[in-house]
Amino acid sequence: MTSWWIYALLSAVAAAATAILAKIGVQGVPSTLATAIRTVVILVFAWGIVLAGGQHREIAKLDARAVVFLALSGLATGASWLAYFQALKLGPASRVAPIDKLSLAFTIVLAAVALGEPITWKLALGVGLMVAGALLTLG
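This text gives an overview of the structure that appears in the document. (Residues numbered from 1 in each chain as written. Predicted model: local features only at pLDDT ≥ 70, side-chain atom pairs only at ≥ 80, totals over all residues. Heavy atoms only, no water.)

## Here's the deal with the pattern of salt bridges
Applied cut-off: Note on definitions: salt bridges are taken to be side-chain nitrogens of Lys or Arg within 4 Å of carboxyl oxygens of Asp or Glu. Three exposure classes are used, based on accessible area relative to the maximum for each residue type with a 1.4 Å probe and protein chains only: buried under 20%, partly exposed in between, and exposed over 50%.
Overall, the coordinates contain 2 salt bridges when judged by the stated rule. Where Lys 61 meets Glu 58, a salt bridge forms, and the shortest distance between an N and an O atom there is 3.5 Å. We note a salt bridge from Asp 100 to Lys 101, for which the minimum N-O separation is 3.2 Å. The class for Asp 100 is partly exposed, based on a relative accessible area of 26%.

So, in structure tokens, the structure goes:
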């Protein structure tokens, strides 16, 4: 079985490509329109994978709690994308992307508070260094 970290690394590479492609694509386009176009592409892509894999049959098995939290996650994603595209429109991708990655620190704090996940000293140190690195990109 493939380890989770391989998918996480692939996600990071795809996110890097997203930043560069979006920066090129958002030139002369309103950021909300750019976000909407990106969202339609993702919608078609994701549902294509669901349908091709036969996972659409699982919809009837979803409980209300899962649907509510997935919907809230979708709203948070939409807000993130709108802000991200506006930031890319206004600033350099090499500065926007590191600041966007401060989501790591927020995720760790929220995971500790909401999910009870532990924050070890190594995790805290690593996140602190990443935050410092992101802030250094502002200079």
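## Quick notes on the packing of helix 2 (residues 31–52) against helix 3 (residues 64–90)
Note the cut-off: Axis lines are fitted to C-alpha atoms, over the contacting stretch for helices. Their N-to-C directions set the angle, which ranges from 0 to 180 degrees. Every helix listed is a DSSP run of H or I at least four residues long, and every strand listed is a run of E at least two residues long, numbered separately from the N terminus. Note that the term roughly parallel is reserved for angles under 35 degrees, roughly antiparallel for angles over 145, roughly perpendicular for angles of 65 to 115, and oblique for everything else. Here a crossing is taken to be left-handed if its near helix is turned anticlockwise relative to the far helix by less than a right angle, and right-handed if that turn runs clockwise. Residues count as neighbours in contact if any of their non-hydrogen atoms are within 4.5 Å of one another. Charged means Asp, Glu, Lys or Arg here, nonpolar means Ala, Val, Leu, Ile, Met, Phe, Trp, Tyr, Cys or Pro, and polar covers whatever is left, Gly included.
Packing of helix 2 against helix 3 brings their axes to within 9 Å, and their N-to-C directions diverge by 130°. One way to sum up the angle between helix 2 and helix 3 is to call them oblique. Regarding helix 2 and helix 3, the two cross each other, and that crossing is right-handed. On helix 3, the residues that touch Ser 31, Thr 32, Ala 34, Thr 35, Arg 38, Thr 39 and Ile 42 of helix 2 are Trp 81, Leu 82, Tyr 84, Phe 85, Gln 86 and Lys 89. In terms of residue class, the contact of helix 2 with helix 3 is made up of 6 nonpolar, 5 polar and 2 charged.

## Considerations on the side chain of Lys 23
Short version of the rule: In this charge count, Lys and Arg are treated as positive and Asp and Glu as negative; neither His nor the chain ends contribute. Under this definition, polar contacts are N or O atom pairs within 3.5 Å; protein pairs additionally need one hydrogen-donor-capable and one acceptor-capable atom, and for neighbouring residues in sequence, both atoms have to be side-chain atoms.
The residue Lys 23 is located in helix 1 (residues 4–25) in this model. Look at Lys 23: it is buried, it has no salt bridge, and the nearest opposite charge is Asp 100 at 14 Å. For Lys 23, the side chain forms a polar contact with the main-chain oxygen of Gly 91, separated by 2.7 Å. Every residue in contact with Lys 23, bar those within four places of it in the chain, is listed here: Leu 88, Lys 89, Gly 91, Pro 92 and Ala 93.

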